[in-house]
Amino acid sequence: MSDDDHQFESRADAGASKTYPQQAGTIRKNGYIVIKGRPCKVVEVSTSKTGKHGHAKCHFIAIDIFTAKKLEDIVPSSHNCDVPHVTRTDYQLIDISEDDFVSLLTESGGTKDDLRLPTDEPLLTQQIRDGFAAGKDLIVTVMSAMGEEQICALKDIGLK
């Protein structure tokens, strides 16, 4: 067998971890943390002093980046917490189907058709619909973390 016989699919996330460890004491406000298996943005951190049994504790109050639910966790500051890999990507909006799926233009010129309009943000959804109906060129920002993706922002770049 020669080297030419092997065909591998090139995937950017193949084998990549969805999270990375970070010491709890180094996670700050506006950072990200995984609480109860959900990627969250930290809105408040308070650290307690070391008690008679040793560890100082970090109390995290965070909001799920996809569902906007408030979650809390208390972790010893010397222990590691999971931190999600969060990425934001801009795509140009091509079309909106009747069942609220969007068709987006990728950097490479292909299309991405597996995303829905955000259901938990009616204002953003309405802005996307109104801008698209008016014939404007719209750029949507898609946030992805831990295998989930959602449209989180909108930019208007003018009329077509």
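Definitions and cut-offs
- Residues numbered from 1 in each chain as written.
- Predicted model: local features only at pLDDT ≥ 70, side-chain atom pairs only at ≥ 80, totals over all residues.
- Heavy atoms only, no water.
- Helix = DSSP H or I, 4+ residues; strand = E, 2+ residues; numbered from the N terminus.
- Contact = heavy atoms within 4.5 Å.
- Polar contact = N/O pair within 3.5 Å; in protein donor to acceptor, adjacent residues only side chain to side chain.
- Pairing = 2+ DSSP bridges.
- Salt bridge = Lys/Arg side-chain N within 4 Å of Asp/Glu carboxyl O.
- Patch = residues over 30% accessible without salt bridge, like charges linked within 9 Å, V, L, I, M, F, W, Y side chains within 5 Å.
- Areas by Shrake-Rupley, 256 points an atom, 1.4 Å probe, with all protein chains shown as cover.
- Lys, Arg positive; Asp, Glu negative; His and termini not counted.
- Charge placed at Lys NZ, Arg CZ, Asp CG, Glu CD.
- Buried < 20%, exposed > 50% of the residue type's maximum accessible area, 1.4 Å probe, protein only.

### Side note on the environment of Asp64
Within the secondary structure, Asp64 sits in strand E4 (residues 57-64). Once the C-alpha coordinates of Asp64 and Val42 are considered, the two residues, 22 residues apart in sequence, prove to be 8.9 Å apart. Those residues in contact with Asp64 that sit more than four places away from it in its chain are Arg38, Pro39, Cys40 and Lys69. Side chain to side chain, Asp64 and Arg38 meet in a polar contact 2.6 Å long.

### Let's talk about the pairing of strand E9 (residues 111-116)
Bridge analysis of strand E8 (residues 101-105) against E9 gives four bridges, and the strand direction is antiparallel. Note that in E9 the partner of Val102 across the bridge is Leu115. From the end of E8 to the start of E9, which pair antiparallel, there are five residues, and Gly109 there has a positive phi angle of about 95 degrees.

### Focus on unusual backbone geometry
Phi is positive for Asn30, close to 75 degrees, though the residue is something other than glycine. Positive phi outside glycine occurs at Lys36, with the angle close to 55 degrees. Structurally, the position occupied by Lys36 is in the loop between strand E2 (32-35) and strand E3 (38-47).

### A look at the pairing of E4
Side-chain positions along a regular strand alternate between the two faces of the sheet. Pairing analysis gives seven bridges linking E3 to E4, with the strands arranged antiparallel. Pairing of Val45 across the sheet is with Phe60, part of E4. Linking two consecutive strands that pair antiparallel, namely E4 and strand E5 (residues 70-76), is a turn of five residues; a positive phi of about 65 degrees is found at Ala68 within it.

### Describing the pattern of salt bridges
Under the criterion given, the structure shown has seven salt bridges. Between Lys136 and Asp156 there is a salt bridge; the shortest N-O distance is 3.4 Å. With Lys136 in strand E10 (residues 136-145) and Asp156 in strand E11 (residues 148-159), the pair connects residues that are 20 residues apart, well separated along the chain. Overlapping salt bridges bring together Arg38, Asp64 and Glu148 as one network.

### Observations concerning a negative patch on the surface
Residues Asp95, Glu98, Asp99 and Asp113 make up a contiguous surface patch of negative charge. Following the sequence through the fold, Asp95 ends up in strand E7 (residues 87-96). Of the residues examined, Asp95 reaches a relative accessible area of 37% and is grouped as partly exposed.

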